[in-house]
There are 2 protein chains.
Amino acid sequence: MTARSSRRGPYVCGIDAALDVVSGKWKGLILWELDAHHVRRFAQLRRGLPGVSEKMLTQHLREMEEDGLVHREVFAEVPPRVEYSLTEHGRTLNQALGSLGAWGIERIDREGSEVVATGETSHARTR
Amino acid sequence: MTARSSRRGPYVCGIDAALDVVSGKWKGLILWELDAHHVRRFAQLRRGLPGVSEKMLTQHLREMEEDGLVHREVFAEVPPRVEYSLTEHGRTLNQALGSLGAWGIERIDREGSEVVATGETSHARTR
DNA sequence: CGGTATCCGAATTGATACTG
DNA sequence: CAGTATCAATTCGGATACCG
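Residues numbered from 1 in each chain as written. Chains lettered and ligands numbered in written order. Predicted model: local features only at pLDDT ≥ 70, side-chain atom pairs only at ≥ 80, totals over all residues. Heavy atoms only, no water.

- As recorded by an unreviewed UniProt entry, chain A carries the name Transcriptional regulator and is attributed to Streptomyces oceani.

Focus: the relation of the copies chain B and chain A
Thought 1: For these two chains of identical sequence, chain B goes onto chain A by a turn of 178° and a shift of 0.0 Å along the axis, with RMSD 0.4 Å. Accordingly, the operation relating the two chain copies is best matched by a two-fold axis. For chain B, the minimum C-alpha distance to the rotation axis belongs to Ser23 of chain B and amounts to 3.5 Å.
Thought 2: In this assembly the copies share their binding face: 98% of the residues contributing to the interface of chain B also contribute to that of chain A. (Least-squares fit on C-alpha atoms with pLDDT ≥ 70 in both. Contact = heavy atoms within 4.5 Å.)

What to know about the protein's contact with DNA strand C
Thought 1: Neighbouring DNA strand C are 19 residues, the closest being Lys25 and Lys55 of chain A together with Thr58, Arg62 and Arg72 of chain B.
Thought 2: Backbone atoms, meaning sugar and phosphate, form 68% of the atoms of DNA strand C found within 4 Å of the protein.
Thought 3: The side chain of Arg72 of chain B places a nitrogen or oxygen atom 2.4 Å from a phosphate oxygen of DNA strand C.
Thought 4: A distance of 3.2 Å separates a sugar or linking oxygen of DNA strand C from a polar backbone atom of Pro80 of chain B.
Thought 5: Contributions of two or more residues to the surface near DNA strand C are made by helix H4 (54–66) of chain A together with helix H3 (42–48), helix H4 (54–66) and strand E3 (81–86) of chain B.
Thought 6: In the surface near DNA strand C, the residues fall into ten nonpolar, two polar and seven charged. (Near = heavy atom within 4 Å. Polar contact = N/O pair within 3.5 Å; in protein donor to acceptor, adjacent residues only side chain to side chain. Helix = DSSP H or I, 4+ residues; strand = E, 2+ residues; numbered from the N terminus. Nonpolar A, V, L, I, M, F, W, Y, C, P; charged D, E, K, R; others polar.)

Examining the UniProt feature "domain: HTH hxlR-type" (unreviewed entry) in chain A
Thought 1: Per the UniProt record, the feature "domain: HTH hxlR-type" (unreviewed entry) sits at residues 13–112 of chain A.
Thought 2: Structurally, residues 13–112 of chain A is divided into 64% helix and 15% strand, and its ends, taken at the C-alpha atoms, are 32 Å apart. (UniProt positions renumbered as here; feature names shortened; annotations may be inferred.)

Overview of the interface of chain B and chain A
Thought 1: Of the residues lining the interface, 40 residues belong to chain B; the matching set on chain A comes to 40 residues.
Thought 2: For the chain B face of the interface with chain A, the top three residues by lost area are Val12, Ile15 and Trp103 of chain B, together amounting to 19%.
Thought 3: Taken together, chain B and chain A are joined by two salt bridges.
Thought 4: Of the charged contacts in the structure, one is a salt bridge between Arg107 of chain A and Asp67 of chain B, with a shortest N-O distance of 3.9 Å.
Thought 5: For the pair chain B and chain A, the number of links is 13 residue pairs in polar contact (both at pLDDT 80 or more).
Thought 6: Every element with two or more residues in the side of chain B that touches chain A is listed here: helix H1 (14–22), helix H2 (27–37) and helix H5 (88–111) of chain B.
Thought 7: At 15 residues, the largest contribution of residues to the side of chain B that touches chain A is made by H5 of chain B. (Buried area = accessible area lost by both parts, 1.4 Å probe. Salt bridge = Lys/Arg side-chain N within 4 Å of Asp/Glu carboxyl O.)

Quick look at the sheet that holds strand E3 (residues 81–86) of chain A
Pairing between the strands of a sheet comes from backbone hydrogen bonds, and it takes one of two forms, parallel or antiparallel.
All names here are of chain A.
Thought 1: Across the sheet, three strands lie side by side as E1-E3-E2; this open sheet has antiparallel pairing. The strands lining the two open edges of the sheet, one partner per strand, are strand E1 (39–41) and strand E2 (70–75). Strand-to-strand twist of the sheet, defined as the mean angle between neighbouring strand axes without regard to direction, takes the value 25°.
Thought 2: Relative to E3, E2 runs antiparallel, the two being bridged by six bridges. Across the sheet, residue Val74 finds its bridge partner in E3, namely Val82.
Thought 3: On the sheet, helix H2 (residues 27–37) packs against E1, E2 and E3 and is oriented at approximately 95° with respect to E3.
Thought 4: In the packing of H4 onto the sheet, contacts are made with E2 and E3, and the angle to E2 comes to roughly 115°. (Pairing = 2+ DSSP bridges. Axes fitted to C-alpha atoms, helices over the stretch in contact; angles between N-to-C directions.)

Here we look at the sheet that holds strand E2 (residues 70–75) of chain B
All names here are of chain B.
Thought 1: An order of E1-E3-E2 is seen for the three strands of this open sheet, with the pairing classed as antiparallel. On the outer flanks of this sheet lie strand E1 (39–41) and E2, each paired with one strand and no other. The sheet shows a mean angle of 25° between the axes of neighbouring strands, direction not considered.
Thought 2: Running over the sheet, H2 touches E1, E2 and E3 and is turned about 95° from E3.

Structure below.
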């Protein structure tokens, strides 16, 4: 029940509706990680998002699941295993984010801002 | 000095960098208004964004100016006049947001969420 | 007209500890 | 391993009030 209000309000336009779904400090990155790796476990995602807390990761993942972006599969094993992946909607959203990502790369380039590597795959590709 | 920290940190990928620039409750809409009208004065923008306060509008406008998205032109007249328009970067960003907007429209459609009109131009176009 | 300054409550994010 | 619970800190957003 943590902070589910104020989201999903009536939207003024499609950009509004799309941004609502990717707002949050880590959602863009989660989308990115899941797109790159197809399937990821909780701990893998946490390692891929340096600085994220378990709470925020869980919270974002739940919201994205609720939004139909992410699929969560629980395996009844010991030790427990949970795998996250993108749904069809999540994949199309990622494609839509593609051009935005390209714009961002150019912006980073222009401003000479620094891009930090996560130690995993190269994230600064243009798709 | 109002809340300028914590933004423009090192980015993990282009989507990160782009989302940083459009986060904020009204930035997407400001971009949209300026794209549709080309040039807008402060009061016109305020009317185009029903519910926004002067503070938030100023704050967002300043950040977007700092990010090189918006051009601000002050005329030394009485009464004072200030005109806002998109820069080249702002226009390309808007194009990149186009596919995201289309995705959002589909999402609204799928979920049956409501789209509220602002009373100005039709914002729900697909571009 | 086009802002700025200040205060306040709400929402978001973070740190830490604990659990099945 | 994959979370949940709790509390604290930070940030966001809105309501005035005032200024060049």
